[in-house]
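Each chain is listed here by its residues.
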Amino acid sequence: MPILEVRDLRKSFGNVEVLKGIDFTLEKGEALSVIGSSGSGKTTLLRCLNFLERPDNGKIIVNGETLLDCSDPSTLIESQIRRKRLHFGLVFQSFNLFPQYTALENVMLSPKLLAKENHLKDFDKKALKAEAEELFVNIGLADRMGNYPHQLSGGQQQRVAIARALIMHPDILCFDEPTSALDPELTGEVLKVIRKLSEHKTTMIIVTHEMEFARDVAHQVIFMDGGVICEQGDPLEVFNHPKEERTKQFLSRYSQK
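Everything quoted here is computed from the prediction, not taken from an experiment.

**Quick look at the environment of Lys84**
Here comes step 1: Inspection of the secondary structure assignment puts Lys84 in helix 2 (residues 78-85).
Here comes step 2: In this structure Lys84 comes out as buried when scored by relative accessible area, which is 2%.
Here comes step 3: Residues Lys84 and Phe51, 33 residues apart in the sequence, show an inter-C-alpha distance of 7.9 Å.
Here comes step 4: When sequence neighbours within four positions are dropped, the list of residues in contact with Lys84 reads Phe51, Leu67 and Thr75.

If you want it as structure tokens, here you go:
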């Protein structure tokens with residue numbers, strides 16, 4: 001059974017239909033790269049999956065549980081959305097760290113707030129800190145835990161944002177152009193962390209403009225254009241032998257760079 005099933009997902013903003021019926025599945029431990037031009041619907045897809053936008057139609061199923069069915073009002077109750085959002089972690093283009101907290105405090109904040117909200121009396125702060133510290137070791141920032149965001153480079157801030165998402169133990173970790181706000185020399189350190197996560201079988205959806213990375217790190221790739229999936233499949237097959245003319249046009253621009 002796939003960890004994620006997306007069926008006929010549709011979303012409009014006013015008269016503009018941004019998603020026009022998106023269907024795909026994702027297996028546990030796989031990485032999915034989503035590529036396409038600006039305005040193709042990639043970010044809107046991620047925002048719908050993370051319940052930051054409510055689709056107009058479609059289903060989102062995680063581990064066999066229907067989290068969203070636009071034809072079933074019982075899955076649209078606002079009070080349940082926060083719980084459903086926990087199935088997904090989202091790393092934004094801009095790092096969105098809280099400037100008043102240290103890097104370590106930023107990573108620990110969400111679990112603390114969730115425990116407080118759920119009135120968890122047995123919440124183990126020491127265990128949380130130990131887990132957060134281990135994450136900093138894994139992302140190569142063990143010596144930066146006490147730094148504030150303004151004391152970190154953009155690449156370091158993005159790695160902290162990844163740790164912040166990971167500590168919530170999401171079923172699926174989503175990245176929305178994770179290197180687009182970085183200088184080229186800082187991009188590699190973030191991609192290295194994502195590559196390591198892929199090697200450790202973290203289930204991921206990666207919206208990216210880094211074509212070589214999308215080809216090399218993913219188990220499958222989706223090319224979106226105009227709110228639809230034009231082509232999907234094995235990355236090497238899609239990149240080296242695209243079947244659709246629109247895919248060929250898009251990829252040819254990158255091969256010329």
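**Notes on the sheet that holds strand 1 (residues 4-13)**
Here comes step 1: Taking strand neighbours across the sheet as the criterion, the four strands line up as 2-1-4-5 in an open arrangement whose pairing is antiparallel. Every other strand in the sheet has two partners, leaving strand 2 (16-26) and strand 5 (65-69) as the edge strands with one partner each. Between one strand axis and the next, the sheet turns through 20° on average, direction left out of account.
Here comes step 2: Against the sheet, helix 1 (residues 42-49) engages strand 1, strand 2 and strand 4 (57-62), with an angle of about 65° to strand 2.

**Focus: the sheet that holds strand 3 (residues 31-35)**
Here comes step 1: Strand order in the open sheet made by the six strands is 6-7-8-3-9-10, with mixed pairing throughout. Edge positions in the sheet fall to strand 6 (88-91) and strand 10 (228-233), since each has one partner strand and no second. Each neighbouring strand pair of the sheet contributes to a mean axis angle of 20°, computed without reference to strand direction.
Here comes step 2: Summarising the sheet, strand 3 and strand 8 (residues 204-207) pair through four bridges and their orientation is parallel. Bridging across to strand 8, Val34 finds its partner in Val207.
Here comes step 3: Along the sheet, helix 5 (residues 154-166) makes contact with strand 6 and strand 7 (172-176), crossing strand 6 at roughly 170°.
Here comes step 4: Contacting strand 3, strand 7 and strand 8, helix 6 (residues 184-199) crosses the sheet at an angle of about 150° to strand 8.

Conventions we followed
Residues numbered from 1 in each chain as written. Predicted model: local features only at pLDDT ≥ 70, side-chain atom pairs only at ≥ 80, totals over all residues. Heavy atoms only, no water. Helix = DSSP H or I, 4+ residues; strand = E, 2+ residues; numbered from the N terminus. Buried < 20%, exposed > 50% of the residue type's maximum accessible area, 1.4 Å probe, protein only. Contact = heavy atoms within 4.5 Å. Pairing = 2+ DSSP bridges. Axes fitted to C-alpha atoms, helices over the stretch in contact; angles between N-to-C directions.

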